[in-house]
Amino acid sequence: MTEGLSREEVAAVYQRYGFFMRRRALLITRDVALADDVVQETLLKLLRKGAAYRAAEHPLRWLHQVVDRSALDQLRRGRRLRQADDVDDAASDLAAPPGVDLEARNAVCRALGDLPKEDQELAICTLIDGMSQAQAAEALGVSRVTVNKRLQRIRDHARRLLDSNPEASTHG
């Protein structure tokens with residue numbers, strides 16, 4: 001375990017950032033149990049390969065990336081068996097960043113598992129992190145026009161989801 005963090009270091013990371021990791025995982029997975037699994041996987045990664053965390057210029061950003069990947073992997077693996085109308089209320093009640101419509105964020109998060117990887121990353125940047133289109137374009141290494149087109153595609157997908165399941169909007 002020379003590459004990983006010690007148990008004490010992992011405990012300190014959890015004490016400092018655990019709330020933020022779990023909140024982020026809950027927003028992405030929309031399931032309390034899966035969010036807890038994602039945080040657990042992130043902490044295990046720190047135990048095994050913590051050198052990257054130690055070397056990170058921005059530790060919380062590094063943790064966000066690990067949480068994002070783990071949460072999206074959970075969704076892609078189809079481990080989320082619940083229907084959109086059975087989503088944990090805790091995920092829907094979490095505040096959206098300034099400038100982000102809570103209902104729109106919840107609708108897109110419901111559809112996150114169905115989106116292509118590049119759209120998932122963009123949705124997380126804009127709707128969970130609250131980045132502007134310009135900031136998201138820079139973070140993802142694409143043009144602002146590309147971001148605008150992808151966001152429209154994401155919104156259209158979420159709208160179709162809501163149209164096909166009108167009750168979903170009352171639970172999120």
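Further up the page is the structure itself.
All figures in this text were calculated on a predicted structure; none of them were measured in a lab. (Residues numbered from 1 in each chain as written. Predicted model: local features only at pLDDT ≥ 70, side-chain atom pairs only at ≥ 80, totals over all residues. Heavy atoms only, no water.)

Novice: Please clarify how the packing of helix H6 (residues 102-111) against helix H9 (residues 144-164) should be interpreted in this entry.
Specialist: A pair of packed helices is characterised by two quantities: the angle between their axes and the separation of those axes. Running from N to C, H6 and H9 cross one another at 85°; their axes reach a closest spacing of 9 Å. Comparing their axes, H9 and H6 come out roughly perpendicular. The residues of H9 that touch H6, namely those facing Ala107, Val108, Arg110 and Ala111, are Ile154, His157, Ala158, Leu161 and Leu162. (Axes fitted to C-alpha atoms, helices over the stretch in contact; angles between N-to-C directions. Helix = DSSP H or I, 4+ residues; strand = E, 2+ residues; numbered from the N terminus. Parallel < 35°, antiparallel > 145°, perpendicular 65-115°, else oblique. Contact = heavy atoms within 4.5 Å.)

Novice: I'm lost on the environment of leucine 140 in this one. Help?
Specialist: If you trace the backbone, leucine 140 turns up in helix H8 (residues 133-140). Looking at leucine 140, the relative accessible area reads 26%, which means it is partly exposed. Along the primary structure leucine 140 and leucine 122 are separated by 18 residues, whereas in three dimensions their C-alpha atoms are 7.6 Å apart. In contact with leucine 140, not counting residues within four places along its chain, are Glu121, Leu122 and Cys125. (Buried < 20%, exposed > 50% of the residue type's maximum accessible area, 1.4 Å probe, protein only.)

Novice: Just checking my understanding: could you explain unusual backbone geometry for this structure?
Specialist: Working note: non-glycine residues mostly have negative phi, and peptide bonds are mostly trans. Positive phi outside glycine occurs at arginine 30, with the angle close to 60°. Relative to the helices and strands, arginine 30 is located in the loop between helix H1 (7-29) and helix H2 (32-49).

Novice: Sorry, what's going on with the pattern of salt bridges here?
Specialist: A side chain with one charge may pair with a side chain of the opposite charge, provided their charged atoms come close. Enumeration over the complete set of coordinates arrives at 7 salt bridges. Arginine 22 is the salt-bridge partner of aspartate 36, the closest N and O atoms lying 2.6 Å from each other. Of this pair, aspartate 36 sits in helix H2 while arginine 22 sits in helix H1, and the two are 14 residues apart along the sequence. Via salt bridges that share partners, Arg24, Asp68 and Asp129 belong to a single interconnected network. (Salt bridge = Lys/Arg side-chain N within 4 Å of Asp/Glu carboxyl O.)

These figures capture arrangement, not role.
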